[in-house]
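Commentary on secondary and tertiary structure
Residue-level listing of the chains:
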Amino acid sequence: MKSIIFVTHNQNKLKEVKAILDGKYHIISSTDINCTEEIPETSNTIEGNALQKARYVKENYGYDCFADDTGLEVDALGGEPGVDSAIYAGVGCSYEDNVRKLLDTLGDNPNRTARFRTVIALILEGREYLFEGIVNGRIIREGKGTGGFGYDPVFVPDGYTETFSEMALELKNSISHRGRAVSKLAEFLNQYKSTESNNN
Ligand code: ITT
């Protein structure tokens, strides 16, 4: 089985991605390569941050790898928190702080439509590739469920009545932003012909 490095310090993301790719790829985490430091995420776009994380590991550790950056884009807030989703309530804040700030900011606004958007940046044999996954839904008025992480307790995807936090991991993965982006990545990797093997 081929191995691939997933650049993330987020154990929830790691669990989700492993559930999709395990059996097809052996996932090595940033911790497994001793990359435990905070990786800068200073871009003002989701694409830019995903690339920044993957390039950081390539440049400092020498490995081909992929990284994901995700944002929650709320229509009534002009797309916020977006690229700032992790630090919406301030640097070092908790998931609960972010959810509370989101619900307070939205207040009674009846326009609750939102989407999660994930961009995966892959660096492979000297080239960079991007894969995007989006799921549309709405923000409910109070958190529900105990699974998942981040904004999952207040996000209900279109076509469902339960939040991501109330869903089994397999169901979230089958419809989520990250699940969709990872499926595109897997499809690409399955069809990828290594330049090394082409040259042999
Ligand atoms: P990395 O180490 O991979 O950078 P991170 O937690 O900093 O992990 P991101 O910057 O990609 O991840 O994510 C920004 C925030 O968006 C994250 O802190 C969560 O609050 C939220 N988020 C990301 N994916 C989510 C998901 O699937 N469900 C709910 N919230 C999510």
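Above this text you will find the structure in question.
This write-up is about the structure you can find in this document. Every chain is numbered independently, its residues counted from 1 as its sequence is written. Reporting in this predicted model follows two pLDDT cut-offs: at least 70 for local features of residues, and 80 or more for side-chain atom pairs to be given and counted; totals over whole chains, interfaces and linings ignore these cut-offs and use all residues. As a rule here, side-chain values cover all heavy atoms of the structure and leave hydrogens and water aside.

Digging into the side chain of serine 85
Inclusion rule: Helix and strand labels come from DSSP, where a helix needs a run of H or I of at least four residues and a strand needs a run of E of at least two; each type is numbered from the N terminus. Whether two residues touch is decided by their heavy atoms; if any such pair falls within 4.5 Å, the residues are in contact.
Turning to its location among the elements, serine 85 is positioned in the loop between β4 (81–82) and α3 (95–106). Beyond its immediate stretch of four places on either side in the chain, serine 85 contacts Thr70, Gly71, Leu72, Asn98 and Tyr151.

A look at the packing of aromatic side chains
Selection criterion: Planes of paired rings set the category: under 30 degrees apart is stacked, over 60 is edge-to-face and the rest tilted, where pairs are Phe, Tyr or Trp rings (Trp by its six-membered ring) whose centres lie within 6.5 Å. Summary of the burial criterion: residues with accessible area below 20% of their type's maximum are buried, those above 50% are exposed, and those between are partly exposed, where the area comes from a 1.4 Å probe applied to protein chains only. When the NZ atom of lysine or the CZ atom of arginine is within 6 Å of a ring's centre and also within 35 degrees of its normal, the charge is said to sit over that ring.
Enumeration over the complete set of coordinates arrives at eight aromatic pairs. Arranged with centres 5.9 Å apart and planes meeting at 50°, the rings of tyrosine 95 and phenylalanine 149 form a pair that is tilted. Placement of tyrosine 95 in helix α3 and of phenylalanine 149 in the loop between β6 (127–139) and β7 (155–157) is noted, with a sequence separation of 54 residues between them. Given the relative accessible area of 14%, phenylalanine 149 is considered buried. Here the aromatic cluster, defined as three or more aromatic residues joined through ring pairs, consists of Tyr129, Phe131, Phe188 and Tyr192. Sitting over the face of the ring of phenylalanine 164, lysine 172 holds its NZ or CZ atom 5.4 Å from the ring centroid.

Describing helix α2 (residues 46–61)
Helical periodicity: at 3.6 residues per turn, an α-helix aligns residues three or four positions apart in one direction. Operational definition: Expected helix span is given by 1.5 Å per residue-to-residue step, counting one fewer step than there are residues. Throughout this description, a polar contact denotes any pair of N or O atoms lying within 3.5 Å of each other; where both atoms belong to protein, one of them has to be capable of donating a hydrogen while the other can accept it, and for residues adjacent in sequence the pair is counted only when both atoms sit in side chains.
Look at α2: 23 Å from first C-alpha to last across 16 residues, which is about the 22 Å you get at 1.5 Å a residue. Where α2 is buried, its residues touch β1 (2–7), α1 (11–21), β3 (65–74), β5 (113–124) and β6. Of the residues that open α2, the one with a side-chain oxygen 2.9 Å from the backbone nitrogen of glycine 48 is threonine 45. Where α2 ends, the next residue or the one after it, glycine 62, has phi of about 85°, a positive value.

What about helix α5 (residues 177–191)?
Counted at 1.5 Å a residue, the expected span for α5 with its 15 residues is 21 Å, and the 22 Å between its end C-alpha atoms agrees. The complete set of buried residues in α5 reads His177, Arg178, Gly179, Ala181, Val182, Leu185, Ala186 and Leu189. The opening residue of α5 is serine 176, an N-cap whose side-chain oxygen sits 3.4 Å from the backbone nitrogen of arginine 178.

Concerning the pairing of β1
Stated formally: We treat two strands as partners when DSSP finds at least two bridges between them. Look down the strands so they point away from you; if going from the first strand over the helix to the second traces a clockwise path, that crossover is right-handed.
Where β1 lies against strand β2 (residues 25–29), five bridges are found, and the strand directions are parallel. Residue pairing for β2: isoleucine 5 is matched across the bridge by isoleucine 28. Once you follow β1 into α1 and on to β2, the crossover reads as right-handed. Two elements, β1 and β3, share three bridges in a ladder whose sense is parallel. When the sheet's bridge partners are listed, phenylalanine 6 is paired in β3 with phenylalanine 66.

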